[in-house]
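# Notes for the structure review
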Amino acid sequence: MTRGATKYLPLLPVYLIYLVLFLVAEGMPGMWQLMAMLVFYCAVGQAFNIFLGMTGYVNFGYVAFLALGTYGMALSIYHFHQLPLGVGIVLLGLLLAVVMAVLLALMVGAVALRLGGAYFAIATIGVNEGFRYLIEGTKIWGGSEGIIFSKQLLDTFGREVANKLSTFWADVSVLIIAALAALITLHFIRGKTGYALMALREDEEAAKVMGINVTKYKLIAFVTSAALAGLIGAMAWGLKLTYVFPPEAFDISYTVEGIIIVMLGGAGTLLGPVVGGLLYGLAKYWLTVILPGFQLLIFAPIIIVVVVAFPEGIVGMLRQRLKGTPFEPFVL
Amino acid sequence: MKLDRVTKRFGGLVAVNEVSLEIEQGELIGIVGPNGSGKTTLYNLISGIYHPDEGRVFFEGRDITDLPPYERAHLGIARTFQISRPFGSATVRENVAVGALFGTLHGQIGVEEAMEVADRYIELVGLTPERDKPAGALTPVEKKLMEIARALAMRPKLLLMDEAMAGMHPKDIDKLVAFLRKVRDEEGIAIVAMVEHIMRAVVGMAERVMVMHQGRKMVDAPTAEALGDQRVVDIYLGRPLEEV
């Protein structure tokens, strides 16, 4: 096999998992929503991993990017549905989602990424809450009542297509975004960016004197991660639910879930956030059924055990075990 | 490289006090001085971790006082640390490849070429058997060698070594000194080695020695002359060098 092809081998298990999820959703009645939830958590894990996992920086304001993506889709369909764009309105929504998430990431990142780890984390806590109160207080974008755009979606596409968009294509798009995120992650890990991020994660000062513009590479990871989060928000929350409501969109528990998924699966790995997303999603689903309301209480000790027992996460540990075996090239 | 009367204060403490120093291409210089005499601060001023409170830093005639560390690295300033700072979870090869990717060759080579450059320097310092080990698992001496390989892979013009030989067996020091001399001859790199008390390394390697004392430059002269200086003997060595 050529070197070029072996480079992409680690994508195989990731895409295989996504294919299975899709086939189960399509083939087994009643499974669609559960599979959609799992894909959502995998996608969020992957998007978050590009920043949290690869730089070692924690962003507590992460959900703000998902929220802005949701607003991007909502604003596009709510305000521009009369334009003769057809499905183009959804693409415009995606574009707006990415632009808004990226702008926020640039603004926050250019300032906060000059700070060291813990200071950065504290600086980002305010971003999420601040943005929510900005929307509610200034009454822009529907203020605290949010935006409901199901009517506009119906008017534009008619009942059948609108339904198909929000019950099928929204979820499938998240799967595609997740697949895209995996490709970007692999490209980063194997490329120059990955080396820069590895170095700054391990020792930022040493990375600087080695010639790495650490602020630039942190910003690259931050903006990429934000753009993917914006896309996920636009589809998984925007187009799927056809409304956006600030307390839900800016709910900080999604940030915490993202951190758990990345740590559980293996920070900075390619397969880790997918494994973490699957495990977290399944466990959350069952715990909600068995012990409603207790899922976070149960997850707290689990994550402590994981961090202590295998700090590199499940996939990080798996990689160690598989060294020297034929499976090695597939797990990254 | 030229330091023009640089001063760095930490609160009331003057860590480096109006130190001037010129380093020509291909020079081998030793900086000696007791703990706390300002050696490491001086390195941080040259590599850009600190900004001097007074004075300017020049490199190849250009004022680099306001350049961030990574840009100085691109120009050709490399350093190792007193306490080794490997990228622990990455392999030795990946560590050294970082040097190749982001040093003076940055933007000119890709990851695969960087690996080749890395392999060459790993071989030069004799770490080929440890190439695929995580750098964090190396012995302290191996970590020092790995840092030197990583710095050399940056293809620098000036290499600043901070206590690179501390804790090494005298035989290993002699080997390393011979290696560094060879690198200097072949690649024309100016090498500055900073040592606290390993006179063997200074005498063996440096052609010129700067002695620091309480943040000031006390002596800057050819090695034998500097270490024979009466003030150096009194304050630092305690006895004439022949007896040490």
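Now for a look at the structure at hand. (Residues numbered from 1 in each chain as written. Chains lettered and ligands numbered in written order. Predicted model: local features only at pLDDT ≥ 70, side-chain atom pairs only at ≥ 80, totals over all residues.)

## Thoughts on the interface of chain B and chain A
Filter applied, for reference: Contacts are defined on C-beta atoms placed from the backbone: any two residues whose C-beta positions lie within 7 Å are in contact. A run of H or I in DSSP becomes a helix once it reaches four residues, and a run of E becomes a strand once it reaches two; helices and strands are each numbered from the N terminus. Residues are grouped as follows: Ala, Val, Leu, Ile, Met, Phe, Trp, Tyr, Cys and Pro are nonpolar; Asp, Glu, Lys and Arg are charged; all remaining types, including Gly, are polar.
At the interface, 23 residues of chain B touch 16 residues of chain A. Of all the secondary structure elements, the ones that give two or more residues to the side of chain B that touches chain A are α2 (69-75) and α3 (92-102) of chain B. In terms of residue count, α3 of chain B provides more of the side of chain B that touches chain A than any other element does, 6 residues in total. Considered class by class, the residues forming the side of chain B that touches chain A number 13 nonpolar, 7 polar and 3 charged.

## Description of the sheet that holds strand β6 (residues 77-79) of chain B
Residue and element names in this part refer to chain B. Our working definition: One requirement defines pairing of two strands: DSSP has to find at least two bridges between them. In this analysis, axes come from line fits to C-alpha atoms, helices being fitted only over the stretch in contact, and the angle between any two N-to-C directions falls in the range 0 to 180 degrees.
Strand order in the open sheet formed by 6 strands is β6-β7-β8-β3-β9-β10, and the pairing between neighbours is mixed. In this open sheet, the two edge strands, each paired with only one partner strand, are β6 and β10 (216-222). Averaged over all pairs of adjacent strands, the angle between strand axes in this sheet comes to 20°, irrespective of strand direction. Alignment of β6 against strand β7 (residues 158-162), held across 3 bridges, turns out to be parallel. Across the sheet, Ile77 pairs through a bridge with Leu158, a residue of β7. The sheet strands contacting helix α9 (residues 230-237) are β9 (208-213) and β10, and the helix crosses β10 at an angle near 125°.

## A few points about the nonpolar core
Convention followed: Think of a nonpolar core as buried Ala, Val, Leu, Ile, Met, Phe, Trp, Tyr and Cys residues, each tied to the set through C-beta atoms within 7 Å. Here a residue counts as buried when 20 or more other C-beta atoms sit within 10 Å of its C-beta, as exposed when there are 12 or fewer, and as partly exposed otherwise, the C-beta atoms being derived from the backbone.
One finds Val39, Ala43, Ala101 and Ile232 of chain A together with Ala149 of chain B to be the most contacted residues of the largest nonpolar core, which totals 192 residues. A total of 17 residues in this core trace back to one element, the largest contributor, which is helix α10 (residues 214-241) of chain A.

## Quick look at helix α15 (residues 313-322) of chain A
All names here are of chain A. Gly313, Val315 and Leu318 are the residues of α15 that are buried. Where α15 is buried, its residues touch α12 (253-265) and α13 (272-290). Downstream of α15 by a residue or two, Gly324 has a phi angle that is positive, lying close to 85°.

## Focus: the sheet that holds strand β1 (residues 2-10) of chain B
All names here are of chain B. As summarised here, the arrangement of the 4 strands in space is β2-β1-β4-β5, forming an open sheet in which the pairing is antiparallel. Each edge of the open sheet is held by one strand with a lone partner, namely β2 (13-22) and β5 (62-63). One ladder, built from 2 bridges, connects strand β4 (residues 54-59) with β5; its direction is antiparallel. Note on β5: the bridge partner recorded for Phe59 is Arg62.

## Quick notes on the pairing of β10 of chain B
All names here are of chain B. As judged from the 6 bridges shared by β9 and β10, these two strands associate in the antiparallel manner. Its bridge partner lying in β10, Met212 is registered against Lys217. Turn length for the β9-β10 hairpin, with the two strands adjacent in sequence and antiparallel, is 2 residues, and the turn residue Gln214 shows positive phi of about 50°.

So yeah, pure geometry; function would need other evidence.
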